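# Inside the fold
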Amino acid sequence: MWKAPAHLSDPLIYLFQDYFRKLALGSVNQFILLMPPVLFMSMDTYLQGLFVLANDPSSEVRKLVCSAFVQLIEVRPSFLEPHLRNVIEYMLQVNNDPDEEVSLEACEFWSVFCEAPLPPDNLRPFLPRLIPVLLSNMAYADDDESLLDAEEDGSLPDRDQDLKPHFHSSRFHGSDDAEDDDDDIVNIWNLRKCSAAALDMISNVFGDEILPTLMPFVQSKLNVSDVASWKEREAAVLALGAVAEGCINGLYPHLSDIVAFLIPLLDDKFPLIRSISCWTLSRFSKYIVQGIGHQKGHEQFEKVLTGFLRRILDDNKRVQEAACSAFAILEEEAADLLSPRLEIILQHLMCAFGKYQRRNLRIVYDAIGTLADAVGGELNQPKYLEILMPPLIAKWQQLSNSDKDLFPLLECFTSIAQALGSGFAQFAQPVFQRCLDIIQSQQLAKIDPVAAGVQFDKEFVVCSLDLLSGLTEGLGSGIESLVSQSNLRDLLLQCCLDDGSDIRQSAFALLGDLARVCPIHLRPRLPEFLDVAAKQLNTPKLKETISVANNACWAIGELAIKVNQEISPVVMTVISCLVPILQHAEGFNKSLIENSAITLGRLASVCPELVSPHMEHFMQSWCIALSMIRDDIEKEDAFRGLCAMVKANPSGALSSLVFLCRAIASWHEIRSEELHNEVSQVLLGYKQMLKNGAWEQCMSALEPPVKERLSKYNV
């Protein structure tokens, strides 16, 4: 054991011991996530050490003890299970530690506990004591930096350090599993925000049973009217928003009263109450929109809508941010219900566009883009375009090709182009050309930034490719005249070959979009496009670049149905990549499985003579994947391929006939009469082929709902 030199005084000895306790505990904590065998074997000793240090006089040591318990409950909850009552009791105690950093570390425990595979009953008895602690910690501390930020005048320009980095999500074709994070009202992670997140998690686990503890506290704080208690009122509004999802069943009967109470708070004298009221109301958006069918619900929806629009034009930057973000959430829920109010909405958004500084301007772009997605073609009216487009075009012309403020504007234009469709044609040429210029200058910057005059930034390329996709989707065949007079084909091929996966992902999305509307302009370099697309499916790092593979797979299928036999040189290469994906479906996301099944079917419909000899090797897994796809035109293409293969090689599907029948039964309705007849012929053909009760045996293996759906084919 280390022994202090005799000449050191007691305070110095204490400091040395304190230092070594922190160092030892901090070092061991580093290994919790890795859990090496030596720590695993010494876990009882380690836990005893944590219990001894739990009430250490050093706040740094207590913080490390909390961190250890948080990590253990996350990665190895079984180690703590025998001691859980004591650990929870301790974390509850230090959640009110005089040192806020210790409290914050302890508070992390509750969210992690709620996600751990442990019975909720372990925490249930502590809820009446835990919830008041969380609620009291949700009030702003006097030294919270956000209090200073909240006073910032909206007319003051933003500094560069005020701007968050921009992260653009590359275009993705299929079932996107990504979820948007809730709007970040507080940008700095602190005890207030951690407590609100914990309450949110607890409400999702325990639901309405926390309301008897929660609501009396919330109501008492909301009823306090003196000026000095505004932080407590604000925390009560935050609490309502935090439990809006988890406790909705219990809150729903009172929702009208809750919304009626929150609406006046949008005009409160304190900016942070105005901003948190926007956020909390946005958390109830779904239910506010659902109530629009009756008069009182419709009136409340109108009040919330106009309240958000009022706050969008607030002079306070924090309120602007909260209101604009809340309105974007309401837009998504209300969708085309916003159409009757489009003019006043656009007037407010474009007024904000002229008023906001750089940081909040990005949120206005998002709200405009979300509005375009919500109302679609309804936006394509001269009276709306006269309000919307001139300010956006003026900003578009003002920004240089290397200005990062261009990113959110490119995204905004993408949504507008898709919504307006052919109505965007009058704005398309300069937008199209500028996207090409940006891609070209960035490709040069990657090789020679001095000659390009800009530093390479992949975001410019990705945003430009996605806007070109939006233009293609919106204009349809109307984009052909622009493509034919440009070097887009060569630029796109370069992007498909890029070493950046984000760029390749967006490039293959654009390739598929162009294949749909003007494949003739891809033909001169078709073999190269097909070769590079096929390579995305045949890589040892497939799971790391799954979104690239997804879009490449989809693009091959789109090309196949347009160029027909010209696809034949890569058919077997692609099939050999798709089959393992379908056979190991549990290892991939839903979208790649769907696109693999559809593309395989499209290749089969174009080249059945190449694919059908191999069908017995993939028929079962393919049919399972087909049965999971929703009814649409892409599924129709896949089934045309199935019918073509069965026609070419009927015996190839015999061993998978039950799975084929289930795939056919997955259709709610085949809208194409021609395809319906082809599918009927396939089933009838097998019924006639199978003798001696074999067909009846196949039918008996099917579930009753499957047999019922097959009855429409008269078999």
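Residue numbers run consecutively from 1 along every chain, following the written order of its sequence. pLDDT decides what is reported in this predicted model: residues at 70 or higher carry local features, side-chain atom pairs at 80 or more are listed and counted, and totals for whole chains, interfaces and linings draw on all residues regardless. Where side-chain values are given, they derive from all heavy atoms of the structure, hydrogens and water being excluded.

## Topic: the environment of Val52
- Inspection of the secondary structure assignment puts Val52 in helix α3 (residues 43-53).
- For each residue, the accessible area found with a 1.4 Å probe, counting protein chains only, is set against the maximum for its type, and the residue is called buried under 20%, exposed over 50%, and partly exposed in between. You can call Val52 exposed: its relative accessible area is 67%.
- It is 64 Å that separates the C-alpha atoms of Val52 and Ile344, two residues lying 292 residues apart in sequence. Only DSSP runs of H or I covering at least 4 residues are called helices, and only runs of E covering at least 2 are called strands; the numbering of each starts at the N terminus.

## As for a nonpolar patch on the surface
- Taken together, the side chains of Tyr19, Phe20 and Leu23 define a hydrophobic patch exposed on the protein surface, amounting to about 290 Å² of accessible area.
- By the element assignment, Tyr19 lies in helix α1 (residues 10-29). The residues that make up patches have over 30% relative accessible area and no salt bridge, and they are joined within 9 Å when like-charged or within 5 Å when they are Val, Leu, Ile, Met, Phe, Trp or Tyr. Here the accessible surface of atoms and residues is derived via Shrake-Rupley with a 1.4 Å probe, and residues count as covered only by protein chains that are part of the display. Salt bridges, as used here, are contacts in which a Lys or Arg side-chain nitrogen is within 4 Å of a carboxyl oxygen on Asp or Glu.

## Regarding the packing of helix α31 (residues 568-583) against helix α32 (residues 590-606)
- For helices, the axis comes from a line fit to the C-alpha atoms of the stretch in contact; other axes are also lines fit to C-alpha atoms, and the angle between any two N-to-C directions lies between 0 and 180 degrees. Contact geometry of α31 with α32 gives a least axis separation of 10 Å together with a crossing angle of 145°. Handedness of the α31/α32 crossing: left-handed. Here Val571, Val574, Ile575, Leu578, Val579, Ile581 and Leu582 of α31 lie close against α32, whose contacting residues are Leu592, Ile593, Ser596, Ala597, Thr599, Leu600 and Leu603. In a left-handed crossing the near helix is turned counterclockwise from the far helix by less than a right angle, and in a right-handed crossing that turn is clockwise. Contacts are assigned to residue pairs that have any heavy atoms within 4.5 Å of one another.

## Section: the packing of α3 against helix α4 (residues 59-75)
- At a closest axis distance of 9 Å, the pairing of α3 and α4 adopts a crossing angle of 140°. Judged by the angle between their axes, α3 and α4 are oblique. Considering how the two elements wind past one another, α3 and α4 form a crossing that is left-handed. Across the interface between the two elements, Met43, Tyr46, Leu47, Leu50, Phe51 and Leu53 of α3 pack against Val61, Val65, Ala68, Phe69 and Leu72 of α4.
- All amino acids are sorted into three groups, where Ala, Val, Leu, Ile, Met, Phe, Trp, Tyr, Cys and Pro are nonpolar, Asp, Glu, Lys and Arg are charged, and the leftover types, Gly among them, are polar. Residues that form the contact of α3 with α4 fall into these classes: 11 nonpolar, no polar and no charged. Any angle between 65 and 115 degrees counts as roughly perpendicular, while under 35 counts as roughly parallel, over 145 as roughly antiparallel, and the rest as oblique.

## Remarks on helix α27 (residues 488-496)
- Taken together, the buried positions of α27 are occupied by Leu488, Leu491, Leu492, Leu493, Cys495 and Cys496.
- For α27, the elements touching its buried residues are α23 (425-447), α25 (458-475), α26 (480-484), α28 (501-517) and α29 (526-535).

## Remarks on the packing of aromatic side chains
- Aromatic rings from Phe, Tyr and Trp, with only the six-membered ring used for Trp, were paired whenever their centres fell within 6.5 Å, and each pair was classed as stacked if the ring planes differed by under 30 degrees, edge-to-face if by over 60, and tilted otherwise. In the structure shown here, the tally under the stated rule is 15 aromatic pairs.
- On the basis of an interplanar angle of 40° and a centroid distance of 6.4 Å, the ring pair of Tyr140 and Trp230 is categorised as tilted. Of this pair, Tyr140 sits in the loop between α8 (127-137) and α9 (145-149) while Trp230 sits in helix α12 (residues 230-242); the two residues are 90 residues apart in sequence, bridging distant segments of the chain.
- Taking the centre distance of 6.0 Å and the plane angle of 75° together, the rings of Tyr252 and Tyr287 count as edge-to-face. Separated by 35 residues along the polypeptide, Tyr252 in the loop between α13 (248-251) and α14 (255-265) and Tyr287 in helix α16 (residues 285-290) bring together distant segments of the chain.
- Within the aromatic cluster, the residues linked to one another by ring pairs are Trp396, Phe413, Phe424 and Phe427.
- The ring of Tyr140 carries the charged tip of Arg192 above its face, separated from the ring centre by 3.8 Å.
- Of note, Arg662 hangs over the ring of Phe659, and the distance from its end group to the ring centre comes to 5.5 Å. Should the NZ of a Lys or the CZ of an Arg lie within 6 Å of a ring centre and within 35 degrees of the ring normal, that charge is described as sitting over the ring.

## Notes on the pattern of salt bridges
- Tallied over the full model, the rule gives 37 salt bridges.
- Between Lys590 and Glu594 there is a salt bridge, and its shortest N-O distance comes to 4.0 Å. Within this pair, Lys590 and its partner Glu594 are both found in helix α32, separated by four residues, close to a single helical turn.
- It is possible to trace a salt-bridge network through shared partners that takes in Arg516, Glu558, Arg602, Glu634, Glu636, Asp637 and Arg640.

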